[in-house]
Amino acid sequence: MDVLSWVSIFTIITILIGLASTLKITFSIKSAYLVLLTLALVSYLGSNIIYVIDTGLSTSIKWLNLITLCFLLSSQFGLIRDSQPVFARFPIYLIYLPFILLFFFPLIVSQNVLTNLLIGTLQGGCITVALLMYGIHQFREGHYIWQLSSSILFLISFIIFWFADFVERIEIISAEILIAFGIILLTTGIYTSNKNKLNVKS
């Protein structure tokens, strides 16, 4: 088993711990933002499990990575919607627009350049929206520092993976480790920023 497989195992463990700490909150609050974010973690968990089992299943991994990004972007749209006054909120079905990409992905899945361009663009979009939204919520409410910190780690990971001039294997390992720690910060933030709502409901 190579180093990348061990990094994937580490990521799997962090996702499982994160899900264990946030599932009760997600099921209790039933926010579209939290549900979609949880599904993104489950999808990313699946892609890492497949990688550990068989690294040759690259097409399946690409599909799961795209689905993960669709869930992430939709969750951010859900957070934007929840942040607006009730009378000003856009229709909830609009938060699912990123999933339209799934219908077109088969056209480019075999073309690495186009696939990487799409994945990289979606990653950059997710990170940008997350930084803006968590930054605004931290400024307004003061308890989104964990989520904001995770977004910064994701940004660093994004820069290392796509733009750093290292040995490719080192780039991938560094980026994946940062993503794993980002997941820890993100799920910690979800728990700490919503545990009071959970206590009220219980």
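Scroll up a little and you will see the structure.
What you see is a predicted model, and the numbers here were worked out from it, not measured in a lab.

Another point: the nonpolar core. Within the largest apolar cluster, 16 residues are counted, with the highest numbers of intra-cluster contacts made by L66, L69, F71, F105, L118 and L122. If you list the elements that add at least two residues to this core, you get α2 (32–53), α3 (58–83) and α5 (112–141). Among the elements that line this core, the one with the most residues is α3, at 5 residues. If sequence neighbours within four positions are ignored, F71 has contacts with L36, L39, A40, S43 and F99. Counting residues in hydrophobic clusters, the runner-up holds 14 residues, among them I25, L34, L37 and L186.

Tallying each qualifying case throughout the model produces 6 aromatic pairs. For the pair F161 and W162, a centre-to-centre distance of 4.9 Å together with 80° between the ring planes defines the contact as edge-to-face. Take F161: its relative accessible area is 32%, and that puts it in the partly exposed class.

The subject of this paragraph is the layout of surface pockets. Where empty space is left becomes clear once a probe the size of a water molecule has been rolled over the atoms. Its volume calculated, the largest pocket comes out at about 1400 Å³. In terms of lining residues, the largest pocket is bounded by 44 residues, among which Y44, N65, Q123, F161 and E176 are the most central. When residues of the lining of the largest pocket are traced back to their parent elements, those giving at least two are α1 (3–29), α2, α3, α5, α6 (145–163) and α7 (168–201). Of the residues assigned to the lining of the largest pocket, the class counts are 24 nonpolar, 16 polar and 4 charged.

Moving on, we get to the side chain of T68. On the secondary structure map, T68 appears in helix α3. According to the relative accessible area criterion, T68 is buried, its value standing at 7%. Residues within four places of T68 in sequence aside, it is in contact with A40, S43 and Y44.

The rules behind each value
- Residues numbered from 1 in each chain as written.
- Predicted model: local features only at pLDDT ≥ 70, side-chain atom pairs only at ≥ 80, totals over all residues.
- Heavy atoms only, no water.
- Core = buried A, V, L, I, M, F, W, Y, C linked by side-chain atoms within 4.5 Å.
- Buried < 20%, exposed > 50% of the residue type's maximum accessible area, 1.4 Å probe, protein only.
- Helix = DSSP H or I, 4+ residues; strand = E, 2+ residues; numbered from the N terminus.
- Contact = heavy atoms within 4.5 Å.
- Phe/Tyr/Trp six-rings, centres within 6.5 Å; stacked < 30°, edge-to-face > 60°.
- 1 Å grid on protein atoms, 1.4 Å probe; cavity = no way out; pocket = protein on both sides within 12 Å on 5 of 7 lines; lining within 4 Å.
- Points joined across faces, edges and corners; volume = space filled by probe spheres on them.
- Nonpolar A, V, L, I, M, F, W, Y, C, P; charged D, E, K, R; others polar.

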